[in-house]
Amino acid sequence: MNRPLACVVLGLLAASGVALDASTPLFAAPAGDFRSRLPEDEIVYFLLPDRFDNGDPSNDRAGLSGGPLQTGYDPTAKGFYHGGDLRGILRRLDYIQSLGATAIWLAPIFKNKTVQGPSGRESAGYHGYWITDFTRVDPHFGINADLAALVATVHARGMKFYMDIVVNHTADVIKYRECSNCPYRSRADYPYTRRGGIGGEAINEGFLGDDPERQTAENFAHLTRPDYAYTPYVPKSEEHVKVPDWLNDSIYYHNRGETTFTGESSQMGDFGGLDDLMTENPRVVRGFIEIYGRWIDDYGVDGFRIDTAKHVNAEFWQAFVPAILARAAARGIPNFHVFGEVATGQMDPALLALHTRVDKLPAVLDFAFAAAVRDTVAGKAGTEELARLFAADPLYEGGADAALRLPTFISNHDAGRFAYFVRKARPSSKDAEVLARVRLGHAMLFLLRGVPVVYYGDEQGFAGTGGDQDAREDMFASQVAVYNAERLVGTEHTTATDSFDTSHPLYRAIAELAGLRSKHVELREGRQLVRNYAPAPGLFAVSRIDPVSGRELLVAFNTSTRNLAAQVNVDPNSRRFASLRGTCLPEASATGSYPVRIPALDFVVCAAEAQP
Ligand SMILES: [Ca+2]
Ligand SMILES: [Ca+2]
Ligand SMILES: [Ca+2]
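Definitions and cut-offs
Residues numbered from 1 in each chain as written. Chains lettered and ligands numbered in written order. Predicted model: local features only at pLDDT ≥ 70, side-chain atom pairs only at ≥ 80, totals over all residues. Pairing = 2+ DSSP bridges. Helix = DSSP H or I, 4+ residues; strand = E, 2+ residues; numbered from the N terminus. Axes fitted to C-alpha atoms, helices over the stretch in contact; angles between N-to-C directions. Domains from an automatic or database assignment. Contact = placed C-beta atoms within 7 Å. Nonpolar A, V, L, I, M, F, W, Y, C, P; charged D, E, K, R; others polar. Parallel < 35°, antiparallel > 145°, perpendicular 65-115°, else oblique. Left-handed = near helix turned anticlockwise from the far one by under 90°. Buried ≥ 20, exposed ≤ 12 C-beta atoms within 10 Å, placed from the backbone. Arc of directions from axis to C-beta. Core = buried A, V, L, I, M, F, W, Y, C linked by C-beta atoms within 7 Å.

Draft legend 1. How the structure looks around the sheet that holds strand 15 (residues 527–532). Reading across from one edge, 15-16-17-21-19 is the order of the five strands in this open sheet, with antiparallel pairing throughout. Two strands bound the open sheet, and with one partner strand each, they are strand 15 and strand 19 (577–581). Averaged over neighbouring strand pairs, the angle between their axes works out to 25 degrees when direction is ignored.

Okay, here's the thing in structure tokens:
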């Protein structure tokens with residue numbers, strides 16, 4: 001189906017309330033055009049390759065022999081590889097595109113340390129964030145040629161491909177002679193110029209520290225010994241396990257012990273032993289521009305999601321981001337998107353904006369949006385929290401327009417899924433209410449400003465029982481007992497058999513929302529005006545304004561469990577309205593005042609008629 005026809009059909013179906021045939025791709029984007037689309041025009045589908053589909057059972061153990069601790073493979077254990085791979089994703093692109101996604105974001109695909117962790121508490125690198133070889137695909141996921149085939153096919157469908165990259169740390173390879181799980185040793189107590197503390201022998205003579213103005217090759221040439229805090233070493237068997245080879249030199253790491261997630265250690269400490277890179281050193285900056293620039297050159301990927309961005313110094317990003325954008329532009333990718341992870345559980349847009357202002361990250365994942373939707377739709381907060389969120393949009397570098405390209409989400413692989421938050425906040429809720437709240441959360445995701453990111457499996461009613469491993473269920477038939485015991489939302493199905501059901505009510509709801517967003521530029525690129533909110537659950541209304549015609553599209557949500565009738569302030573020129581979703585009354589009540597009627601936990605989208 002070509003795009004204009006699909007849009008017309010979709011619009012008619014949506015307006016008439018007719019159920020959509022979700023098995024038909026609704027909006028296959030024109031393949032040649034994808035490079036010209038702006039980041040804010042995308043709908044992103046985020047998945048973990050290990051947990052999506054197993055297209056090649058021969059790579060499940062990555063060519064290794066032995067048990068789970070050697071191969072990393074144990075499909076019954078949530079902390080080990082389950083067999084999913086790049087070929088599995090390739091054969092499910094219809095499923096992903098029919099949902100309405102225009103871009104896919106894969107958790108890191110680089111070769112990881114297979115298994116790490118203290119004896120008895122090991123787990124595997126199935127998630128991809130424990131990289132050893134930054135130049136090749138993890139053999140559990142396939143080979144580099146599989147990635148090339150996947151990216152080419154994604155592009156042929158008019159979709160984009162976003163990579164997930166890490167520069168904060170590598171796998172845990174470096175150990176310290178003094179201890180394991182070593183406490184953080186600060187720069188003041190363990191200066192670079194003394195071995196093992198203030199009283200130690202003088203080392204690294206002439207090194208003037210790592211303050212921004214000292215981050216030069218000349219200064220770092222004086223940093224030759226890494227044993228100022230601890231005595232780092234690399235076990236014999238792993239001396240060249242990292243690629244490129246310069247990464248095997250301990251001098252390029254902080255080596256100061258475990259982060260406490262506060263103060264200096266937040267940027268220089270190790271996360272659970274993961275080797276924290278000395279990203280102040282220009283050699284490290286240059287090395288990572290080269291590493292990740294190559295993936296742009298060789299594969300033509302369309303964007304980077306940056307893991308643990310807030311744990312890396314601002315000067316690194318100030319150098320890395322422009323170099324990467326220039327590299328992409330030279331490769332013919334003008335709209336390369338870069339968005340960083342600045343994780344927070346709080347509704348804290350100032351923290352997020354800081355990293356666009358100071359680090360100059362073009363965008364950050366909108367954790368504040370996730371918190372606000374969680375508080376207001378899963379929890380019991382009034383809709384004024386959403387108003388406070390959007391009131392802070394001018395804080396971002398580039399102002400409120402920049403907020404249009406923040407990737408928004410309501411579920412992720414670390415914090416957990418939205419359905420889990422609903423059940424946690426409302427343990428006595430009936431299934432129908434949980435479903436309605438999950439749908440409403442997704443409606444906010446697609447209709448409010450920002451680039452929606454759907455977390456794989458949400459469209460199948462996955463709920464999970466917590467964050468991290470408890471939110472990383474298998475889409476293919478799972479052998480994990482706790483996953484299979486989960487009560488999914490909107491279906492009697494369980495994860496024991498595969499979960500690619502395009503008739504699931506949430507799959508259909510998301511496909512409908514994606515259709516609205518794809519059809520109406522106001523929802524992607526339009527300025528957002530907050531119209532109504534309250535200190536209690538109930539109405540939240542915004543207008544989205546067509547950037548060219550100025551036409552107003554009114555989007556109104558009801559977060560309460562009672563039907564709602566209210567007047568909404570609209571543009572005085574918006575007199576007649578048509579229903580795009582739900583039932584909209586045809587006329588304004590008076591100049592500048594329009595009546596909305598919204599069922600409990602539901603929403604409407606009303607389009608003002610174009611002005612003569
Ligand atoms: Ca496999
Ligand atoms: Ca760091
Ligand atoms: Ca380590």
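Draft legend 2. How the structure looks around the domain arrangement of the protein. Taken as a whole, the protein is organised into domain 1 (3–168 + 282–519), domain 2 (170–278) and domain 3 (525–608). Taken together, the contact between domain 1 and domain 3 spans 23 residues of the former and 21 residues of the latter. Of all elements in the fold, only helix 1 (3–16), helix 11 (367–378), helix 12 (384–391) and helix 15 (431–447) reach the threshold of two or more residues within the side of domain 1 that touches domain 3. Looking at the side of domain 1 that touches domain 3 element by element, the count peaks at six residues for helix 15. Residues belonging to the side of domain 1 that touches domain 3 are distributed by class as follows: 15 nonpolar, three polar and five charged.

Draft legend 3. Focus on the packing of helix 14 (residues 418–425) against helix 15. Where helix 14 meets helix 15, the closest approach of the two axes is 9 Å, and the angle between their N-to-C directions is 130 degrees. What the angle tells us is that helix 14 and helix 15 run oblique. In this structure, the crossing between helix 14 and helix 15 has a hand that is right-handed. Mapping the contact onto sequence places Phe418, Ala419, Val422 and Arg423 in helix 14 and Val434, Arg437, Val438 and Gly441 in helix 15.

Draft legend 4. Spatial organisation of helix 12. Taken together, the buried positions of helix 12 are Glu385, Leu386, Leu389 and Phe390. Angular distribution of buried residues about the axis of helix 12 spans 135 degrees; they occupy a single face of the element. Residues of helix 12 that are buried sit in contact with helix 10 (349–357), helix 11, strand 15 and strand 16 (539–545).

Draft legend 5. How the structure looks around the pairing of strand 1 (residues 44–47). Of the two faces of strand 1, both are covered, the one formed by Val44 and Phe46 as well as the one formed by Tyr45 and Leu47. By the bridge criterion, three bridges tie strand 1 to strand 14 (residues 451–455) in an arrangement that is parallel. Following the sheet pairing, Val44 is matched in strand 14 by Val453. Bridge count for strand 1 against strand 2 (residues 103–106) is four bridges, and the pairing is parallel. From the neighbouring strand, Leu47 faces strand 2, where its bridge partner is Leu106.

Draft legend 6. Seen up close, the nonpolar core. In this structure, Val44, Tyr45, Ala101, Ile104 and Ala556 are the most contacted members of the largest nonpolar core, which totals 155 residues. A total of 10 residues in this core trace back to one element, the largest contributor, which is helix 15. With near-sequence residues (within four places) excluded, Val44 lies in contact with Ala101, Ala103, Trp105, Tyr162, Pro407, Val451, Pro452 and Val453.

Draft legend 7. Layout of the sheet that holds strand 12 (residues 363–364). Pairing in this open sheet of eight strands is parallel, and the strands run 12-11-10-7-2-1-14-13 from one edge to the other. Edge positions in the sheet fall to strand 12 and strand 13 (407–408), since each of these pairs with one other strand and no more. Relative to strand 14, strand 13 runs parallel, the two being bridged by two bridges. Bridging across to strand 14, Thr408 finds its partner in Pro452.

Draft legend 8. Structural detail: unusual backbone geometry. A cis amide bond links Val243 to the next residue, Pro244, at an omega of 0 degrees. Considering the arrangement of structural elements, one finds Pro244 in the loop between strand 9 (232–233) and helix 7 (265–268). Phi is positive for Asn204, which is not a glycine, with a value near 50 degrees. On the basis of neighbour count, Asn204 is assigned to the buried category, with 21 C-beta atoms found within 10 Å. For Asp468, which is not glycine, the phi dihedral falls at a positive 50 degrees.

Draft legend 9. Expanded view of the packing of helix 11 against helix 15. Close contact between helix 11 and helix 15 brings their axes to 10 Å; oriented N to C, the two are set at 145 degrees. The handedness of the crossing between helix 11 and helix 15 comes out as right-handed. Note on element contacts: helix 15 touches helix 11 through Arg437, Leu440, Gly441 and Met444, opposite Val373, Val377 and Ala378. Of the residues belonging to the contact of helix 11 with helix 15, the class tally is five nonpolar, one polar and one charged.

Draft legend 10. Expanded view of helix 10. Here helix 10 has its buried residues at Pro349, Leu352, Ala353, His355 and Thr356. Here the buried residues of helix 10 occupy an arc of 155 degrees about the axis, which is enough to place them on one side. Its buried side turned inward, helix 10 meets strand 11 (337–340), strand 12, helix 11, helix 12 and helix 13 (400–403).

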